[in-house]
Amino acid sequence: MNVIEIDNVKKTLGNFTLDIPHLAIKEGYITGFIGQNGSGKTTTLKLIMNLLKLDGGQIKVFGKDVATESKQIHEQIGFVGEPTGYMTEATLEQTKQMIAPFYKTWDDALFNKYVKAFQLDTSKKIKELSQGQNKQAALIMALSHRPKLILLDEATANLDPVIRAQILDILMEHMQSEEVSVFYSTHITSDLDKASDYVVMMNNGKVVLYEDKETLDSKYLIIKGPKKALNDTLEKELIGIQKNAFGFEGLARLSENMAKTLGNELICEKANIEDIMIFTQRGSRK
Amino acid sequence: MDIIISNQSATPLYLQISEQMKHLIVTGELTAGDMLPSIRGLAKDLKVSIITTKKAYEELEEGGFIETLPGKGSYVSTVNLDILKEAQISKIEESLHDIIESAKKIGLSKAELKERIELLYEEE
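Quantities reported herein were computed from a predicted structural model and do not represent experimental measurements. (Residues numbered from 1 in each chain as written. Chains lettered and ligands numbered in written order. Predicted model: local features only at pLDDT ≥ 70, side-chain atom pairs only at ≥ 80, totals over all residues. Heavy atoms only, no water.)

Okay, helix α3 (residues 50-62) of chain B next. With 13 residues, α3 of chain B should reach 18 Å at 1.5 Å per residue; the first-to-last C-alpha distance of 18 Å fits that figure. Immediately beyond the C-terminal end of α3 of chain B, within one or two residues, lies Gly-64 of chain B, with a positive phi of roughly 80 degrees. (Helix = DSSP H or I, 4+ residues; strand = E, 2+ residues; numbered from the N terminus. Expected span 1.5 Å × (residues − 1).)

Here the focus is the sheet that holds strand β6 (residues 77-80) of chain A. Picture the strands of a sheet paired through backbone hydrogen bonds; they go either parallel or antiparallel. Residue and element names in this part refer to chain A. If you walk across this open sheet you meet the six strands as β6-β7-β8-β3-β9-β10, and the pairing is mixed. The open sheet terminates on both sides in strands that have one partner only, identified here as β6 and β10 (206-212). Taken pair by pair, the neighbouring strands of this sheet meet at an average axis angle of 15 degrees, ignoring direction. Sheet analysis places strand β9 (residues 198-203) next to β10, joined by six bridges and oriented antiparallel. Note that in β10 the partner of Met-201 across the bridge is Leu-209. Helix α5 (residues 131-143) contacts β6 and β7 (149-153) of the sheet and is inclined by roughly 170 degrees relative to β6. (Pairing = 2+ DSSP bridges. Axes fitted to C-alpha atoms, helices over the stretch in contact; angles between N-to-C directions. Contact = heavy atoms within 4.5 Å.)

With that settled, the discussion passes to the domain arrangement of chain B. How big an interface is tends to be reported as the loss of accessible area on association of its parts. Domain annotation of chain B identifies domain 1 (13-76) and domain 2 (81-123). Averaged C-alpha coordinates put domain 1 of chain B and domain 2 of chain B at centres separated by 30 Å. (Domains from an automatic or database assignment.)

Let's shift gears to the sheet that holds strand β12 (residues 238-244) of chain A. Residue and element names in this part refer to chain A. Spatial strand order, β12-β13-β11-β14: four strands in an open sheet with antiparallel pairing. Edge strands, defined here as strands with exactly one partner in the open sheet, are β12 and β14 (267-270). Strand-to-strand twist of the sheet, defined as the mean angle between neighbouring strand axes without regard to direction, takes the value 20 degrees. Sheet topology note: the strand β11 (residues 220-225)/strand β13 (residues 247-253) ladder contains six bridges and is antiparallel. Following the sheet pairing, Tyr-220 is matched in β13 by Arg-253.

Now for the environment of Val-61 of chain A. Residues and elements named next belong to chain A. For Val-61, the position within the fold is in strand β4 (residues 56-61). Using a relative accessible area of 0% as the deciding quantity, one classes Val-61 as buried. Taking the C-alpha atoms as reference, Val-61 lies 6.8 Å from Ile-73; in sequence the two are twelve residues apart. Non-local contacts of Val-61, meaning those with residues more than four positions away in its chain, are made with Val-3, Ile-4, Ile-48, Val-66, Ile-73, Ile-77 and Leu-149. (Buried < 20%, exposed > 50% of the residue type's maximum accessible area, 1.4 Å probe, protein only.)

What follows concerns the interface of chain B and chain A. Opposite the 17 residues of chain B that make contact, chain A presents 18 residues. Summed over both partners, the interface of chain B with chain A comes to about 1,500 Å²; 53% of that surface belongs to carbon and sulfur atoms. At the boundary of chain B with chain A, the tally comes to one salt bridge. Note that Lys-47 of chain B is salt-bridged to Asp-169 of chain A, the shortest N-O span being 3.2 Å. Counting every contact that joins chain B to chain A gives nine residue pairs in polar contact (both at pLDDT 80 or more). Those elements that place two or more of their residues in the side of chain B that touches chain A are α1 (13-26), α2 (39-46) and α3 of chain B. Top element by residues in the side of chain B that touches chain A is α3 of chain B. It accounts for five residues. Taken together, the residues of the side of chain B that touches chain A break down into seven nonpolar, five polar and five charged. (Buried area = accessible area lost by both parts, 1.4 Å probe. Salt bridge = Lys/Arg side-chain N within 4 Å of Asp/Glu carboxyl O. Polar contact = N/O pair within 3.5 Å; in protein donor to acceptor, adjacent residues only side chain to side chain. Nonpolar A, V, L, I, M, F, W, Y, C, P; charged D, E, K, R; others polar.)

Before going further, it helps to spend a moment on the domain arrangement of chain A. Residue and element names in this part refer to chain A. In terms of domain boundaries, chain A breaks down into domain 1 (2-204) and domain 2 (216-284). Domain 1 puts nine residues into the contact, and the matching count from domain 2 is nine residues. Both faces considered, domain 1 and domain 2 share a buried interface measuring about 780 Å² in area, 66% of it formed by carbon and sulfur atoms. At the boundary of domain 1 with domain 2, the tally comes to zero salt bridges.

With that settled, consider the pattern of salt bridges. Residues and elements named next belong to chain A. Taken as a whole and assessed by the stated rule, the structure comprises 17 salt bridges over all chains. Between Lys-113 and Glu-173 there is a salt bridge, with its nearest N and O atoms 2.8 Å apart. Pair noted here: Lys-113 is in helix α4 (residues 108-117) and Glu-173 is in helix α6 (residues 161-174), with a separation of 60 residues, a long-range link. Here Lys-113 falls in the partly exposed class, since its relative accessible area comes to 43%. For Glu-173, a relative accessible area of 31% corresponds to the partly exposed category.

Turning to unusual backbone geometry, a few remarks are in order. Not every positive phi belongs to a glycine, and Glu-154 of chain A is a case in point at roughly 50 degrees. With respect to the helices and strands, the residue Glu-154 of chain A is situated in the loop between β7 and α6. Even without glycine at this site, Lys-47 of chain B takes up a positive phi of about 60 degrees. Mapped onto the secondary structure, Lys-47 of chain B falls in the loop between α2 and α3. The class of Lys-47 of chain B is partly exposed, set by a relative accessible area of 35%.

Structure follows, in structure tokens:
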């Protein structure tokens with residue numbers, strides 16, 4: 001089952017073009033959306049939220065077309081984007097009172113629980129909150145109606161590691177229900193290294209990688225070695241090779257073929273998501 | 001039930017989980033009929049992805065260690081501990097073969113090897 005289905009989507013903004021022939025996000029899992037700044041993550045999320053109009057193609061959420069049925073869809077989505085759009089003069093309590101009536105499923109007990117967990121003062125005005133507290137407040141507003149789809153656009157950027165861990169905990173708590181899906185964009189990849197089930201990577205408006213976490217963990221290697229060990233077969237398999245006076249390094253998606261060609265003089269290291277992002281980006285520039 | 005996983009280990013996370021659960025079953029800490037934590041609950045507690053715990057449980061199912069009833073959860077199955085132990089022993093024997101081979105290569109005598117094993121065994 002897919003919670004989001006994107007087909008033949010095109011969107012041009014200035015000299016940037018988003019082009020996604022097909023992308024499906026699975027229901028019941030956490031999918032991380034990574035890529036450099038300007039690679040098209042926010043544009044994609046805004047299109048899913050129907051905050052931008054499509055130039056072509058179709059996006060479905062819960063099987064419904066976002067262009068025509070966004071009202072029903074938004075009832076079940078928790079979205080945190082930039083900027084939050086709350087009135088700066090209103091207190092947190094007043095903001096809640098404005099937002100809550102829009103949702104039939106609003107859960108005040110849950111709201112209070114999160115406020116306590118983040119130690120927020122609901123009598124404070126939005127403008128008096130720090131940048132981090134603002135993000136926390138937005139997240140609480142997005143989650144307190146128990147949405148089935150949680151969409152986060154860089155929601156953990158600018159937050160300290162303790163708060164990021166807390167947010168991860170809260171998301172995992174929501175994931176205890178098989179119906180809940182999370183699709184979140186970030187460039188702080190260590191958050192993803194922990195909990196995401198799938199990873200989608202964007203580069204220059206296109207999806208360049210879509211893998212599940214276990215495959216990412218087990219199949220991607222950083223290969224390093226002396227330059228004389230870099231033969232044509234190896235060079236063809238490597239992504240984003242970098243050579244210098246002391247040797248070479250590159251990323252490999254390990255196939256059986258590949259493993260056989262590896263000699264003793266090569267060092268193979270497990271690649272993390274950040275490595276994969278950097279090498280893929282490097283590879284696409286040549 | 002203790003499950004301790006390491007993000008730095010070369011062993012994949014799902015294998016770390018399934019191996020430790022196997023150990024708990026073989027040593028009798030988990031017995032037939034015991035209910036296992038849910039895939040999602042375990043992922044939350046271990047701070048790993050759901051895909052990882054799911055794969056660990058699939059591994060255990062394939063090995064006949066656990067059974068999953070849709071909508072109910074996973075249970076430790078009635079495994080024949082003798083057969084399991086037999087399998088473990090043959091694994092140990094395999095490793096011993098390698099050790100003996102290495103010992104012979106450097107001319108270590110049987111008595112010397114035995115002595116070393118005894119010493120290490122006591123330490124454990």
